[in-house]
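# Structure assessment
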Amino acid sequence: MTPGARVKSAVAVRRLSADDYDAIMDLWQRAGLHIRPQGRDARAAFAGQMASGVQTVIGLEQDGRLIGVVVATHDARKGWINRLAVDPAHRRQGHAARLIEEAERVLHAQGIRLVAALVEDWNEASLRLLQREGYVLHRDIYYLSKRDSQDV
Ligand SMILES: CC(C)(COP(=O)(O)OP(=O)(O)OC[C@H]1O[C@@H](n2cnc3c(N)ncnc32)[C@H](O)[C@@H]1OP(=O)(O)O)[C@@H](O)C(=O)NCCC(=O)NCCS
């Protein structure tokens, strides 16, 4: 080994809980995701989602620090890959691909046979990643939403 070279420790995969809230929000912010602190991403909202039984949060940790996260959910008919994020200092090392595979494993074990993801049209990295992971891009579908407020 080159003198001074740092040995990288292994990356561990772990199911996260409501107790990991602060680390998850910190990672999402580092990764540039838009956080809704008064809405879906509020601490109480997150705890409620975790208690719902249809949300599994998977994290990747290195040296005790969260470097990647994905939220796997389902609505009984379809599974969803949500809020996938990898720390900018750890990208292009296959971490997101691993998180997708872990999320699919969890969803399949829950009886889900169709997994989907919503991606903004400018997000080239995510579009390429998901297609490489076998997801089909539908150019004929629009996303419509109805909200109680802009915060949710
Ligand atoms: C999208 C994101 C999760 C990818 O994480 P990552 O760990 O770097 O991705 P991986 O290393 O697993 O990439 C696997 C493959 O996806 C594709 N890919 C990933 N990032 C890419 C990029 N910036 N440009 C082009 N292709 C990319 C490549 O095919 C890559 O394989 P390669 O490195 O051998 O070329 C990460 O860039 C991120 O956190 N972005 C900000 C948050 C975000 O947009 N989340 C998605 C919301 S839907």
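The structure contained in this document is the topic of the report that follows. (Residues numbered from 1 in each chain as written. Predicted model: local features only at pLDDT ≥ 70, side-chain atom pairs only at ≥ 80, totals over all residues. Heavy atoms only, no water.)

Time to look at the packing of aromatic side chains. Counted by the stated rule, this structure contains one aromatic pair. Judged by centre distance (5.8 Å) and plane angle (55°), the rings of Tyr21 and Phe46 are tilted. Separated by 25 residues along the polypeptide, Tyr21 in helix 1 (residues 21-31) and Phe46 in helix 2 (residues 43-51) bring together distant segments of the chain. Using a relative accessible area of 10% as the deciding quantity, one classes Tyr21 as buried. Classification of Phe46 as buried rests on a relative accessible area of 2%. Positioned over the ring face of Trp28 is Arg83, at 4.6 Å from the centre of the ring. (Phe/Tyr/Trp six-rings, centres within 6.5 Å; stacked < 30°, edge-to-face > 60°. Helix = DSSP H or I, 4+ residues; strand = E, 2+ residues; numbered from the N terminus. Buried < 20%, exposed > 50% of the residue type's maximum accessible area, 1.4 Å probe, protein only. Lys NZ or Arg CZ within 6 Å of the ring centre and 35° of its normal.)

Most of the time, phi is negative for any residue but glycine, and the peptide bond is trans. The phi torsion at Asp63 lies on the positive side, around 50°, for a residue other than glycine. Relative to the elements of secondary structure, Asp63 occurs in the loop between strand 2 (55-62) and strand 3 (65-74). Residue Arg92 is not a glycine yet carries a positive backbone phi of 60°. With respect to the element layout, Arg92 can be found in the loop between strand 4 (79-86) and helix 3 (95-109).

The next subject is the pairing of strand 3. In terms of residue burial, strand 3 counts as a mostly covered element, since nine of its ten residues are buried. Here strand 2 folds back onto strand 3 in antiparallel fashion, the turn holding two residues, of which Asp63 has a positive phi close to 50°. Where strand 3 lies against strand 4, six bridges are found, and the strand directions are antiparallel. When the bridges of strand 4 are listed, Thr73 appears paired with Trp80. Connecting strand 3 to the next strand, strand 4, in antiparallel fashion are four residues, including Ala76 with a positive phi near 80°. (Pairing = 2+ DSSP bridges.)

So, about the nonpolar core. Grouped together as the largest cluster of nonpolar side chains are 17 residues, with contacts concentrated most on Ile58, Val70, Ile81, Leu99, Ala103, Val115 and Tyr135. For this core, the elements supplying multiple residues, two or more each, are strand 2, strand 3, strand 4 and helix 3. In terms of residues, this core owes the most to one element, helix 3, which gives six residues. Dropping the residues within four chain positions of it, Ile81 is found in contact with Val70, Val71, Ile100, Ala103, Val115, Ala116, Ala117 and Tyr135. Counting residues in hydrophobic clusters, the runner-up holds 14 residues, among them Ile24, Met25, Phe46 and Met50. (Core = buried A, V, L, I, M, F, W, Y, C linked by side-chain atoms within 4.5 Å. Contact = heavy atoms within 4.5 Å.)

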